[in-house]
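Structural overview for review
So the chains spell out like this:
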Amino acid sequence: MATAHNRAQREEIARVVLMPGDPLRAKYIAEKFLSSLVLVNDVRNMLGYTGMYKGKRMTVMGSGMGCGSMGIYSHELFNKYDCEVIVRAGSCGAYAPDLQLKEIIVEDSCYSESTYARTYSGYEGSIVYPDEELSNRLYAQAQQHGALCRKGRVHTSDCFYYKKKEDLEDLCGRKGCLGVDMESFALLHNAAVAQKKAAVLLTVSDHPQRKEKLSREERERSFDEMIEIALDTLWTYAIR
C-alpha cells in the first residue's frame, strides 16, 4: 500500500527503521552495512532501503529536514506500514560548551517551541520523551562501543537560521538542552501518539560558540560509530 510520499508496499518495510535526516546518508548506510539490499522508495529522492543486518531485516530511510518532513515519513511508517521501532540517527549543533565535535548524544527528552504536536494531536506540552527502554539500550550500546557519549535533553527548532540571537542561557541553562536539531520532537511525539517505540541519537556536527563544524562530506560519511550503535540496538528488536 503505497502513499503519496512512499512507493513501498507494506511488506517491503521492515519492523524496525533507522532514519537519518539526509537521504544520501541513508544510501551510504544501506550500501555499507546492509546485505541483500533493495531500494524500496525513491519518491522525491527520499531514499529508503530494506536489507539484512547480521541476519535480521531492517529498513534505512531518510526523514528530510524539519518537523514537517519527519512528521510525514514517521507518521506513515508507524501508521501505514506497521513499523514498530524507529531510531533517528542524525547530527546536531552544540549548546553545552564542553561538547566536542563527533560526540554522541542519546536523547532522554526533547524540548521545542514548535507547534507541531499541538497541530498534530492537540498536545499542549513543550517536552516529549523517547521510549525509555530503547533509549537506555542505545546508551548501553554506546558505552559498549567505547563511544564518547552522554544522555540529555535536546532542543528541536523550526528554524536553522535566526534573525534574532538565540538565548543560550535559557535553552542550555534553564531548560537544560545540550544541543539542537530540527526533527526529534516530531518523531518522538508521533511515536507516543501511535504507541510505538522511538529514540534519538545525534552526533555533534558543529559548535557555533567555538566556530567549529564538520564539512558536508564528513556529515554524510563520518558518523559510522553512531550508525553501528543504532543498528546494533535495532538488531535486538528486529526479526529474521
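Notes on the structure in this doc start here. (Residues numbered from 1 in each chain as written. Predicted model: local features only at pLDDT ≥ 70, side-chain atom pairs only at ≥ 80, totals over all residues. Heavy atoms only, no water.)

Once that is clear, we can look at the nonpolar core. Residues L77 and I86 are the most contacted members of the largest nonpolar core, which totals 36 residues. Ranked by the residues each element gives to this core, the list is headed by helix α6 (residues 184-194), at 6 residues. What I86 contacts, discounting residues up to four positions off in sequence, is V17, M19, S74, L77, F78, L134, L187, K197, A198 and A199. (Core = buried A, V, L, I, M, F, W, Y, C linked by side-chain atoms within 4.5 Å. Buried < 20%, exposed > 50% of the residue type's maximum accessible area, 1.4 Å probe, protein only. Helix = DSSP H or I, 4+ residues; strand = E, 2+ residues; numbered from the N terminus. Contact = heavy atoms within 4.5 Å.)

Not every positive phi belongs to a glycine, and S36 is a case in point at roughly 50 degrees. Relative to the helices and strands, S36 resides in strand β2 (residues 35-41). Of note, K102 is a non-glycine position whose phi angle comes to about 75 degrees, a positive value. Positionally, K102 belongs in the loop between β5 (85-94) and β6 (104-112). A relative accessible area of 41% means that K102 is categorised as partly exposed.

The interhelical angle for the contact between helix α2 (residues 66-79) and α6, taken along N-to-C directions, is 30 degrees, at an axis separation of 8 Å. Considering the angle they form, α2 stands roughly parallel to α6. The two elements α2 and α6 cross, and the hand of that crossing is right-handed. Seen from α2, the contacting residues are C67, M70, G71, S74, H75, F78 and N79; seen from α6, they are F185, A186, L187, N190, A191 and A194. A class-by-class count of the residues in the contact of α2 with α6 yields 8 nonpolar, 5 polar and no charged. (Axes fitted to C-alpha atoms, helices over the stretch in contact; angles between N-to-C directions. Parallel < 35°, antiparallel > 145°, perpendicular 65-115°, else oblique. Left-handed = near helix turned anticlockwise from the far one by under 90°. Nonpolar A, V, L, I, M, F, W, Y, C, P; charged D, E, K, R; others polar.)

On to the packing of helix α4 (residues 132-145) against helix α8 (residues 224-235), then. Axis separation between α4 and α8 bottoms out at 9 Å; the angle between their running directions is 130 degrees. As summarised for this structure, α4 and α8 are arranged oblique, according to the angle between their axes. Remark: the crossing between α4 and α8 carries right-handed chirality. Across the interface between the two elements, L134, R137, L138, Q141, A142 and H145 of α4 pack against E225, E228, I229, A230, D232 and T233 of α8. When its residues are assigned to classes, the contact of α4 with α8 shows 5 nonpolar, 3 polar and 4 charged.

Structurally, K80 is set in the loop between α2 and β5. Exposure remark for K80: the relative accessible area of 32% places this residue in the partly exposed category. In sequence terms K80 and G125 are 45 residues apart; their C-alpha atoms lie 26 Å from each other. Apart from residues no more than four positions distant in its own chain, K80 is found in contact with M1, T3, R10 and H75.

We now examine the environment of N41. Structurally, N41 is set in strand β2. On the accessibility criterion, N41 (0% relative accessible area) is buried. Discounting residues that sit within four places of it in the chain, N41 has contacts with H5, N6, R7, A8, M46, L47, G48 and M61. Polar side-chain contacts of N41 include one of 3.4 Å to the backbone nitrogen of V43. (Polar contact = N/O pair within 3.5 Å; in protein donor to acceptor, adjacent residues only side chain to side chain.)

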